Amino acid sequence: MAFTYKGYAGKYLRVDLTRGKTLELELPKEWARGYIGGSGMGARILYDEVPRNVGPLSPDNILIFATGPVTGTAYPPSGRYCVVTKAPLTGIWGEAHSGGYWGPELKYAGYDLIIIRGRAPRPMYLFIEDGKVELRGAKRLWGKNTAETTDAIEGELGRDVRVACIGMAGERLVKFACIINERSRAAGRTGVGAVMGSKRLKAVVVRGSGSIEVANFDRVWELTKEAHERYTGGEWGKASHDALYRFGTPGLVSWENEIGRLPTKGHRTGVFDRAADIGPEVFEREFIIHRRSCMNCRIQCKKVARVGRSGPYAGLITEGPEYETIVALGSNCLVSNFPAVMQVNQLCNLHGMDTISCGGAVSFAMECFERGALSERDIGFALGWGDGDAMVRLVGMMASREGVGDVLAEGIRAAAKRIGKGSGRWAIQVKGLEASGQDGRAHQSVGLTHAISVIGAAHLRALSSLDELDYRKTITERYGKARAAALGDRLSTKYKGMLVKDVEDLYAVVDALITCKYGTMWPPIFYFEDYAEILPAVTGVEEFGSVKELRIIAERIVNLKRAFNARLGLGRKDDTLPERMLKEPMPEGPAKGRVVDLKPMLDEYYRERGWDVRTGLQRRATLERFGLADVARDLKRVGALAK
Amino acid sequence: MPYVYCDPKLCTGCRACELVCVGFHERVFNPKIARIRVVRSEPASDITITCHQCEDPPCVKVCPAGAIRKLKSGLVEVIDARCVGCGVCAEACPFGAIWLHHERGKATKCDLCGGDPQCIKHCVPGALKLTAPEGVAIERRFAAAVRRAPERGG
């Protein structure tokens, strides 16, 4: 029987690698109705199926690949999937998202999501094609990089399969290993690739020829055309599309430097005097050879870059690097050697490593070297700030876990414990996750974003561009005139608890649909109303047509993810930032003299959420309001419910 | 005869064309039955493939059932009722632009949406154009002329 709701494939897969068994099941209606899809559904599943004593790399941890109801339809930009698991890098809630072609293909193959548990007795890969599911041996793929793996599987199964796989880093359980699909798209953060490696699962390969039906085709068609117009025309749509099409995310380098928010030299400052060397103009002029896009996108931010004829990286071709990569491996390591950044970008693609955490580990090691916590003997060579060639060597050592690379491959929180000598002070991480390319001192709300993010210091869970770029008209429409001036000021902390809560809720819906954050994060032109239009048209679930209902679902998802961490003992003490952001004033630029004034924002955020301000724990009444009474009982049992 | 031409320098491989093609023709979403297909190859190429509406179409020539015809308007058209689903047209087409629909079992190809191709409207980078080979040649001539022109002024 066909699934009640449209848009969904209506089925999901359970794979037990230990026993070599796969099972096709009907998608529970309650998952769709209560959590929409994507990381929303993932939250329900992970919370229910991974109790707190399960280690991230144990066979009992599960790895979820999930899509949403909008995935694979013509409504843009919906070519995405997410991976949800208990994260090896942080030991808490883990989530990573990726674009490319893979997510839609899973749905065409007949499944909304896959839940993988166990550990294969020998390397395997999973092949899913139109309802046929097969575990195939991957012995000859083990040890191959992601491009070689993809080539080999395409050679075996045909060139139209979509391959998501791990490289050497995932196999060797590098704690920030990622999953790479179609050679260059990454489900990057929190070490999801290491979970795959721990399960001896080399790849998940999909090919499908099934159709996705929607509830109200004419309405979906109309909304697709309208979204196309809004993404490519209109005041902000056109400007951001043009910038992202032309430069990709590297376009942000010059802007962030201008507002003093470009993390530089291990977040010691927000201004990089050589930013132009790794900026958008030089990127376009000397490196971009082709412009690309993920599936069904109207923004098209992907670029293929080639390094010219001279220097050690001559002839290198790589997709990327993104803004985050340029910051993590460029400015934050004081490296202005753009080809070296591109070389590491390619190494990360081939070995399957998150570029943000990888860069975080390099800058941490550079500071260790500067301050004498790591010597030339410890590393094997000098690792001065700005030395791009040394950086390339170090990154190779991380992927293969060689020498000091083995220590850094554990992530900087663990590495700092191992190295000692006070190095924890310059390990720029939250909850064990290396910080993404923002700095709360120059953009206060992003300090709160980094502090409260359920995966650690990431930008994609709750970053607001409304204050970053002062979108005054939108701010006024959404939050009223009285608060608009303070909200539009990126250096003010006023109302930022409310703001971050609101964007976190919005992104919970976006990550459930799933669509890309271009259009919500930047430019901020899509909001709850828009999803209350497209969701019922796609699914036929009338209740999704109510903004109030979508907001309840959003808070349900946010609370459930939070509860996963609360059950592990996390609370207010963990919602904090590195000392550098809290105590060391920004030395220069427009935010000179600022630290992150976290406390008032955090207090307001907890109040807005209905959580206990002193402990950061959730209240029974709050959880019950979002239909999570079972979670309240659970938290009570382990002493993680607010008194 | 105009056809949907793709400029490979501009195509980003977003596949919006595939999805709107299928939406328009079938009212579902499924790129495997799109009449225009994106082919991505590494490290840096994306291009769409669809029917060129050839002047002397090999698919028409080889069809044993007489199910494909070249219309006066220039369009190459499949007559569903006559198609036996043998697939020789797919063998004959040098582009892979005609193939058998896996549900209907009939030869399937671009019909230019009756003259107003939807894919072009959704092509963000402007890679797709409705143009005849002569139109492509004109563009090429101008591009070649600019490349070969002696530098003047400045």
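These figures come from a predicted structure and were not determined experimentally.

**Observations regarding the overall build of chain A**
Within chain A, the regular secondary structure consists of 28 helices and 17 strands. Taken against the 2.2 N^0.38 rule, which gives 26 Å for 643 residues, the C-alpha radius of gyration of chain A at 23 Å falls within 12% of a compact globule. With the C-alpha coordinates aligned to their principal axes, the bounding extent of chain A is approximately 65 × 65 × 55 Å. Taken over 643 residues, chain A has a buried fraction of 68%. Put simply, of all contacts in chain A between residues at least 6 apart along the chain, 67% involve residues at least 24 apart. When the accessible surface of chain A is summed, it comes to about 20600 Å², and 48% of that surface belongs to carbon and sulfur atoms.

**What about a positive patch on the surface?**
All names here are of chain A. On the surface, R614, R620, R633, K636 and K643 cluster together into a patch of positive charge. Tracing the chain through its elements places K636 in helix α28 (residues 629-637). You can call K636 exposed: its relative accessible area is 53%.

**Points about the interface of chain A and chain B**
Counting from both sides, the interface comprises 41 residues of chain A and, opposite them, 34 residues of chain B. Both sides together, the interface formed by chain A and chain B hides about 3000 Å², and carbon and sulfur atoms give 57% of it. Inspection of the chain A/chain B interface yields 4 salt bridges. Scanning the region where chain A abuts chain B turns up 21 residue pairs in polar contact (both at pLDDT 80 or more). Elements represented by at least two residues in the side of chain A that touches chain B include exactly α3 (102-108), α7 (217-232), α8 (235-246) and β13 (288-292) of chain A. Class assignment for the residues of the side of chain A that touches chain B results in 15 nonpolar, 14 polar and 12 charged.

**Considerations on α28 of chain A**
Residue and element names in this part refer to chain A. Buried residues of α28: V631, A632, D634 and L635, and no others. Projected down its long axis, α28 shows its buried positions confined to an angular sector of 165 degrees, all on one face. Exposed side chains of α28 directed beyond 90 degrees from the buried face belong to K636 and R637.

**Remarks on the nonpolar core**
All names here are of chain A. Counting 217 residues, the largest nonpolar core has L113, M353, F364, M391 and L394 as the members making the most contacts within it. In terms of residues, this core owes the most to one element, helix α22 (residues 496-513), which gives 11 residues. If we skip the residues at most four places from it in the chain, L394 touches V362, A365, I379, F381, L383, V404 and L408. W102, A164, V195 and L201 belong to the second largest nonpolar core, which has 29 residues in total.

**Details of the sheet that holds strand β12 (residues 201-207) of chain A**
Backbone hydrogen bonds are what pair the strands of a sheet, in a parallel or an antiparallel way. Residue and element names in this part refer to chain A. Spatially, 6 strands are ordered β8-β7-β12-β9-β10-β11 in an open sheet, and the strand pairing comes out mixed. For this open sheet the edge positions go to β8 (132-137) and β11 (185-187), each flanked by a neighbour on one side alone. Going across the sheet, the axis of each strand differs from the next one's by a mean of 20 degrees, ignoring polarity. Where strand β9 (residues 162-165) meets β12, 4 bridges bridge the pair, whose relative direction is antiparallel. Following the sheet pairing, A164 is matched in β12 by V204.

**Concerning the sheet that holds strand β14 (residues 302-306) of chain A**
All names here are of chain A. Taken together, 3 strands build an open sheet; the order of strands is β13-β14-β15 and the sheet is antiparallel. Two strands bound the open sheet, and with one partner strand each, they are β13 and β15 (317-319). Strand-to-strand, the axes of this sheet are offset by a mean angle of 15 degrees, without reference to chain direction. The sheet contact formed by β13 and β14 spans 4 bridges and is antiparallel. Residue R292 lies in a different strand from β14, and its bridge partner there is K302. The strands touched by helix α12 (residues 338-351) are β14 and β15; relative to β15, the strand with the most contacts, the crossing angle is about 65 degrees.

**Details of the packing of helix α13 (residues 355-370) of chain A against helix α15 (residues 388-400) of chain A**
All names here are of chain A. Orientation of α13 relative to α15, taken along the N-to-C sense of each, is 120 degrees, at an axis distance of 10 Å. Classified by the angle between their axes, α13 and α15 sit oblique to one another. In terms of crossing hand, the pair formed by α13 and α15 is right-handed. For the pair formed by α13 and α15, the contact residues are C358, A361, V362, A365 and M366 on the first element and M391, L394, V395 and M398 on the second. Each residue belonging to the contact of α13 with α15 can be placed in one class, and the counts come to 9 nonpolar, no polar and no charged.

**A short note on the packing of helix α10 (residues 280-287) of chain A against α12 of chain A**
Residues and elements named next belong to chain A. Closest axis-to-axis distance for the α10/α12 pair is 12 Å, and the angle between their directions is 80 degrees. Relative to α12, α10 is oriented roughly perpendicular. Contact residues: α10 offers V282, F283 and F287, while α12 offers F338, P339 and M342.

**A closer look at unusual backbone geometry**
A cis geometry characterises the amide bond from L513 of chain A onward to I514 of chain A, with omega recorded as -10 degrees. Looking at the secondary structure, you find I514 of chain A in the loop between α22 and α23 (528-539). Following E42 of chain B, the chain continues into P43 of chain B via a peptide bond in cis, with omega recorded as 5 degrees. Residue position: P43 of chain B is located in the loop between β2 (37-41) and β3 (45-49). Non-glycine residue E182 of chain A carries a positive phi angle of around 45 degrees. Positive phi, close to 50 degrees, is recorded for D470 of chain A, a residue that is not glycine. Relative to the elements of secondary structure, D470 of chain A occurs in the loop between α19 (465-468) and α20 (472-479).

**Observations concerning the domain arrangement of chain A**
Residues and elements named next belong to chain A. As assigned here, chain A comprises domain 1 (11-207), domain 2 (256-427) and domain 3 (444-637). On a C-alpha basis, the centres of domain 2 and domain 3 stand 29 Å from each other. Every contact between the two is made by 21 residues of domain 2 and, on the other side, 15 residues of domain 3. Of the roughly 1400 Å² buried at the junction of domain 2 and domain 3 (both faces included), carbon and sulfur atoms supply 59%. In this assembly, domain 2 and domain 3 are joined by 2 salt bridges. Two residues, E468 and R261, come together in a salt bridge whose shortest N-O distance is 3.4 Å. Across the contact surface, domain 2 and domain 3 share 5 residue pairs in polar contact (both at pLDDT 80 or more). Looking at the side of domain 2 that touches domain 3, the elements that each hand over two or more residues are α9 (252-258) and α13. For the side of domain 2 that touches domain 3, the per-class residue count stands at 7 nonpolar, 5 polar and 9 charged.

About the cut-offs
Residues numbered from 1 in each chain as written. Chains lettered and ligands numbered in written order. Predicted model: local features only at pLDDT ≥ 70, side-chain atom pairs only at ≥ 80, totals over all residues. Heavy atoms only, no water. Helix = DSSP H or I, 4+ residues; strand = E, 2+ residues; numbered from the N terminus. Rg over C-alpha atoms; globule rule 2.2 N^0.38 Å. Buried < 20%, exposed > 50% of the residue type's maximum accessible area, 1.4 Å probe, protein only. Contact = heavy atoms within 4.5 Å. Areas by Shrake-Rupley, 256 points an atom, 1.4 Å probe, with all protein chains shown as cover. Patch = residues over 30% accessible without salt bridge, like charges linked within 9 Å, V, L, I, M, F, W, Y side chains within 5 Å. Salt bridge = Lys/Arg side-chain N within 4 Å of Asp/Glu carboxyl O. Lys, Arg positive; Asp, Glu negative; His and termini not counted. Charge placed at Lys NZ, Arg CZ, Asp CG, Glu CD. Buried area = accessible area lost by both parts, 1.4 Å probe. Polar contact = N/O pair within 3.5 Å; in protein donor to acceptor, adjacent residues only side chain to side chain. Nonpolar A, V, L, I, M, F, W, Y, C, P; charged D, E, K, R; others polar. Arc of directions from axis to C-beta. Core = buried A, V, L, I, M, F, W, Y, C linked by side-chain atoms within 4.5 Å. Pairing = 2+ DSSP bridges. Axes fitted to C-alpha atoms, helices over the stretch in contact; angles between N-to-C directions. Parallel < 35°, antiparallel > 145°, perpendicular 65-115°, else oblique. Left-handed = near helix turned anticlockwise from the far one by under 90°. Domains from an automatic or database assignment.

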